[in-house]
Amino acid sequence: MDPVQITTAFIPVADPAASARWYNRVLGFQIHSVDEWSAVLRPGGGAGATSLTLLGPASGIQAKPGLPWATCNFTVADLGQARSRLEGHGCEPGAIEGDPEVCRFFAVQDPDGNTLLVTDR
């Protein structure tokens, strides 16, 4: 059997197009596709097989926006800079926590109230 890879994470949202614009503007994701059901985003530059799928109500997903737990983590090169950027966009990220030897992180909510986890590795 070939190695298994995770290729997408799913996050429920109220409006896929509006959420895609926010993820693009605030987190730098590139918008790959948007329709009434979902939006598919890729990391900046669009490289790799990993994507983020924002699922709207028309998709039939049973999960409601406002997840109190992160469905995945977003790794950044500079945690402090990422936190400051989010604050600059009106977000209220939590404090940076964790162990520098293991992993440092903070949580923040998207406009739908979904918890996002931003990590340094």
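Up top is the structure these notes are about.
The sections below set out a description of the structure shown in this document. All values derive from a computational prediction rather than experimental measurement. (Residues numbered from 1 in each chain as written. Predicted model: local features only at pLDDT ≥ 70, side-chain atom pairs only at ≥ 80, totals over all residues. Heavy atoms only, no water.)

## Considering the nonpolar core
Thinking step 1. I11, Y23, L52 and L54 are the most contacted members of the largest nonpolar core, which totals 21 residues.
Thinking step 2. Every element with two or more residues in this core is listed here: strand 1 (8-12), helix 1 (16-27), strand 3 (38-42), strand 4 (51-55), helix 2 (79-88), strand 7 (103-109) and strand 8 (115-119).
Thinking step 3. With four residues, the top contributor of residues to this core is helix 1.
Thinking step 4. If we skip the residues at most four places from it in the chain, L54 touches I11, V13, P16, S19, A20, Y23, W37, S38, A39 and L41. (Core = buried A, V, L, I, M, F, W, Y, C linked by side-chain atoms within 4.5 Å. Buried < 20%, exposed > 50% of the residue type's maximum accessible area, 1.4 Å probe, protein only. Helix = DSSP H or I, 4+ residues; strand = E, 2+ residues; numbered from the N terminus. Contact = heavy atoms within 4.5 Å.)

## As for the sheet that holds strand 1
Thinking step 1. One open sheet holds the four strands; their spatial order is 1-4-3-2, and the pairing between them is mixed. Among the strands making up the open sheet, the edge pair consists of strand 1 and strand 2 (30-34). Each strand of the sheet is rotated relative to its neighbour by a mean of 25°, with strand direction disregarded.
Thinking step 2. Sheet analysis places strand 2 next to strand 3, joined by four bridges and oriented antiparallel. From the neighbouring strand, Q30 faces strand 3, where its bridge partner is R42.
Thinking step 3. In this fold helix 1 packs onto strand 1, strand 2, strand 3 and strand 4, with an angle of close to 170° to the strand it touches most, strand 2. (Pairing = 2+ DSSP bridges. Axes fitted to C-alpha atoms, helices over the stretch in contact; angles between N-to-C directions.)

## Describing helix 2
Given 3.6 residues to a turn, an α-helix orients residues that are three or four positions apart in the same direction.
Thinking step 1. Here helix 2 has its buried residues at L79, A82 and L86. Down the axis of helix 2, the sector holding all buried residues measures 65°, keeping them to one side. Along helix 2, the residues that are exposed and aim more than 90 degrees away from the buried face are Q81 and G88.
Thinking step 2. Next to the buried residues of helix 2 lie helix 1, strand 7 and strand 8.
Thinking step 3. The opening residue of helix 2, the one whose side-chain oxygen lies 3.1 Å from the backbone nitrogen of G80, is D78.
Thinking step 4. Trailing helix 2 by a residue or two, G90 shows a phi angle of about 85°, which is positive. (Arc of directions from axis to C-beta. Polar contact = N/O pair within 3.5 Å; in protein donor to acceptor, adjacent residues only side chain to side chain.)

## Here's the deal with the side chain of T119
Thinking step 1. The residue T119 is located in strand 8 in this model.
Thinking step 2. Leave out the neighbours within four places in its chain, and T119 touches N73, F74, T75, V76, L79, C103, R104 and F105.

## Side note on helix 1
Thinking step 1. Between its first and last C-alpha atoms helix 1 spans 15 Å; for 12 residues at 1.5 Å apiece the expected length is 16 Å, and the two agree.
Thinking step 2. Listing the buried residues of helix 1 in full gives P16, S19, A20, W22, Y23 and V26. The arc enclosing the buried residues of helix 1, seen along the axis, measures out at 160°, which places them on a common side.
Thinking step 3. Between the side-chain oxygen at the start of helix 1 and the backbone nitrogen of A17 there is a gap of 3.1 Å, and the oxygen is on D15.
Thinking step 4. One or two steps after helix 1, the chain reaches G28, where phi turns positive at roughly 85°. (Expected span 1.5 Å × (residues − 1).)

## Some remarks on the pattern of salt bridges
Thinking step 1. Taken as a whole and judged by the stated rule, the model has two salt bridges.
Thinking step 2. Close ionic contact of E87 with R83 constitutes a salt bridge, the shortest N to O distance being 3.1 Å. Here the residue E87 and the residue R83 both occupy positions in helix 2, the gap between them amounting to four residues, near one helical turn.
Thinking step 3. Judged by its relative accessible area of 40%, E87 falls in the partly exposed class.
Thinking step 4. Residue D120 is joined to R121 by a salt bridge in which the shortest nitrogen-to-oxygen separation is 3.3 Å.
Thinking step 5. Exposure remark for R121: the relative accessible area of 45% places this residue in the partly exposed category. (Salt bridge = Lys/Arg side-chain N within 4 Å of Asp/Glu carboxyl O.)

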